[in-house]
Amino acid sequence: MRVQDEAEIVACIPSLRRYARGLTSQRDRADDLVQDTLERAWRKFSMWQQRGAVRAWMFGIMHNLFIDLVRSQRSTPEDSAGDDLPDAPARATQSDRLELRDLDRALQRLPIEQREVLLLVGVEELSYHDAARVLGVPIGTVMSRLSRARERLRAELEGRTVPARMQRVK
Amino acid sequence: MTFMDPVKPTATTAGAPITEADLHAYVDRQLTPARRAEVEQFLSTRSDERQRVNDWQRQNEMLRRLLDPVLEEPLPLRLPLRPAATVAAWRGLAAGVAIAVISASSAWFVRGSIDGDTARLASMSPASTTELGGFARRAAVAHVVFSPDVRRPVEVGADQEQQLVAWLSKRLGTEVKPPNLTQIGYELIGGRLLPGGSGPVAQFMYHDATGQRLTLYVTREAPKLAGQPETAFRFGQDGPVNVFYWVDKNFGYAISGGADRQELLRVSQEVYRQLVR
């Protein structure tokens with residue numbers, strides 16, 4: 001493994017941590033996820049052929065691990081997600097704090113697949129094409145999840161109530 | 001028009017109807033300039049859609065405000081910054097396992113323990129180029145990762161040098177002070193703490209008048225692994241990174257940079273001179 005390849009993986013860590021924090025909002029859980037992702041990336045790198053897309057590859061690993069994690073914790077009621085006060089990242093100014101806390105809550109209440117797309121596209125600035133690859137879904141699915149995520153977040157932040165079960169009843 | 005079909009965002013045919021996917025792609029800056037102009041035109045006539053787009057843009061901004069501070073946090077020391085196989089090989093070496101099991105990446109330590117006594121630091125003549133292994137390799141990786149970073153190359157800047165020294169000394173469990181290299185043309189930018197194999201390591205970053213950066217990596221792990229407290233200067237290279245490294249008084253030091261061997265040797269000698277004082 002070349003030093004530059006190793007450096008490319010290490011350089012992804014800050015944005016992997018940011019993404020993980022958006023996914024789970026609890027610092028320790030998020031870093032567990034980052035740690036597992038790195039361990040798997042180091043193990044798999046030699047077998048991985050597509051050089052040049054390291055970042056998307058690592059987000060893909062994290063996605064798979066996160067989905068496994070969520071499945072293994074299905075006994076936890078989904079709707080309680082976001083009710084606990086999350087560990088808000090430090091340094092938000094006082095005036096921002098309440099607003100950002102509301103946002104974090106609303107984010108954690110989004111269905112996981114919508115939260116992932118919103119973060120990959122809106123924060124990590126992946127192209128729709130790369131987001132589709134990371135999540136293993138068609139690009140049209142990325143677009144519809146993104147659309148639903150944004151509308152739902154808009155409704156939540158405006159204080160409108162969104163029926164929690166709406167999508168399941170449909 | 002309120003419920004537009006969320007289809008492929010890349011329908012770039014001029015004059016094609018604006019879809020909801022286009023509006024998202026507009027927010028996410030994933031449109032071609034031509035298509036972007038068409039969406040702008042559309043939004044100028046549709047205040048309801050303009051409002052939605054504004055809200056989505058604001059969501060992106062707020063999400064960045066919520067999550068970007070994570071980028072500034074120090075890396076948790078438990079994160080593995082290297083392949084696990086290397087870690088295992090190091091542990092084996094430290095435990096005194098037979099030399100046969102030592103991986104190629106640890107070869108430097110073996111060599112170091114053989115000729116360390118003969119080629120002492122006093123001679124200051126660097127051995128021939130070796131493949132980077134052990135802490136020198138970690139140093140090179142850390143250099144490649146952080147030295148190009150424009151926004152946050154260091155965690156604590158040189159303007160807070162006292163805090164930097166106090167913080168790093170506390171975390172490494174012994175006094176660690178960045179050498180002053182202004183005499184030879186390098187100014188301290190600052191430092192950061194990084195996860196090592198079994199504890200934290202320190203990285204100091206310097207730059208010269210042209211902005212060229214070099215880093216000094218300091219670890220307490222090397223001597224345990226090398227099995228001896230001191231070794232000769234070594235030179236190694238990987239891709240664009242050159243590294244001078246040595247072990248002295250139970251610390252491992254590595255100077256990494258894009259500068260050539262002569263220049264790095266000059267810096268290494270000055271760093272060494274200050275450390276033995």
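Residues numbered from 1 in each chain as written. Chains lettered and ligands numbered in written order. Predicted model: local features only at pLDDT ≥ 70, side-chain atom pairs only at ≥ 80, totals over all residues.

### Digging into the overall build of chain A
And step 1. Summing up its helical and strand segments, chain A has 9 helices and 0 strands in all.
And step 2. Listing the helices and strands of chain A from first to last along the sequence gives α-α-α-α-α-α-α-α-α.
And step 3. Within chain A, buried positions represent 38% of all 170 residues. (Helix = DSSP H or I, 4+ residues; strand = E, 2+ residues; numbered from the N terminus. Buried ≥ 20, exposed ≤ 12 C-beta atoms within 10 Å, placed from the backbone.)

### Looking at the environment of A232 of chain B
All names here are of chain B.
And step 1. Counting through the fold element by element, A232 comes out in the loop between helix 9 (222–226) and strand 6 (234–238).
And step 2. Judged by C-beta crowding, with 21 C-beta atoms within 10 Å, A232 ranks as buried.
And step 3. Residues A232 and Q203, 29 residues apart in the sequence, show an inter-C-alpha distance of 21 Å.

### Description of the interface of chain A and chain B
By a widely used convention, the size of an interface equals the accessible area lost when the partners come together.
And step 1. Between chain A and chain B, the contact holds 43 residues from the first and 41 residues from the second.
And step 2. Of all the secondary-structure elements, those providing two or more residues to the side of chain A that touches chain B are helix 1 (3–11), helix 2 (13–24), helix 3 (27–44), helix 5 (94–109), helix 6 (112–122) and helix 8 (139–157) of chain A.
And step 3. Sorting elements by how many residues they give to the side of chain A that touches chain B places helix 8 of chain A first, with 9 residues.
And step 4. In terms of residue class, the side of chain A that touches chain B is made up of 22 nonpolar, 8 polar and 13 charged. (Contact = placed C-beta atoms within 7 Å. Nonpolar A, V, L, I, M, F, W, Y, C, P; charged D, E, K, R; others polar.)

### Structural notes on the confidence of the model for chain B
Residues and elements named next belong to chain B.
And step 1. Looking at chain B, pLDDT values average 78 and 73% of them are 70 or higher.
And step 2. Note that pLDDT drops below 50 for residues 1–9; the model gives that stretch 23 contacts with residues more than four away or on any other chain.
And step 3. In the model, residues 86–127 has pLDDT below 50 throughout and makes 65 contacts with residues more than four positions away in sequence or in other chains.
And step 4. Both confidence scores are given for the complex: pTM 0.75, ipTM 0.83. (pLDDT = per-residue confidence, 0-100.)

### Focus on the packing of helix 1 (residues 20–27) of chain B against helix 3 (residues 47–67) of chain B
Residues and elements named next belong to chain B.
And step 1. Where helix 1 meets helix 3, the axes come as close as 9 Å, and the angle between the chain directions of the two elements is 40 degrees. In terms of orientation, helix 1 and helix 3 fall into the oblique class. Crossing of helix 1 over helix 3 shows right-handed handedness. Of the residues in helix 3, those in contact with L23, Y26 and V27 of helix 1 are E49, V53, W56, Q57 and N60.
And step 2. Broken down by class, the residue content of the contact of helix 1 with helix 3 amounts to 5 nonpolar, 2 polar and 1 charged. (Axes fitted to C-alpha atoms, helices over the stretch in contact; angles between N-to-C directions. Parallel < 35°, antiparallel > 145°, perpendicular 65-115°, else oblique. Left-handed = near helix turned anticlockwise from the far one by under 90°.)

### A look at the packing of helix 7 (residues 128–135) of chain A against helix 8 of chain A
Residues and elements named next belong to chain A.
And step 1. Between helix 7 and helix 8, the shortest axis-to-axis distance is 8 Å and the interhelical angle comes to 100 degrees. On the basis of the axis angle, helix 7 is roughly perpendicular to helix 8. Of the residues in helix 8, those in contact with Y128, H129, A131, A132 and L135 of helix 7 are I139, V142 and M143.
And step 2. Of the residues contributing to the contact of helix 7 with helix 8, the split by class is 7 nonpolar, 1 polar and no charged.

### With respect to the pairing of strand 3 (residues 187–195) of chain B
Residues in a regular strand point their side chains to alternate faces of the sheet.
Residue and element names in this part refer to chain B.
And step 1. Of all 9 residues in strand 3, 7 are buried; the element is thus mostly enclosed.
And step 2. Relative to strand 3, strand 2 (residues 156–157) runs antiparallel, the two sharing 2 bridges. Among the inter-strand pairings, V156 is bridged to a residue of strand 3, identified as G191.
And step 3. Judged from the 8 bridges that link them, strand 3 and strand 4 (residues 200–207) form a sheet pairing that is antiparallel. Within strand 4, the residue paired with R192 across the bridge is Q203. (Pairing = 2+ DSSP bridges.)

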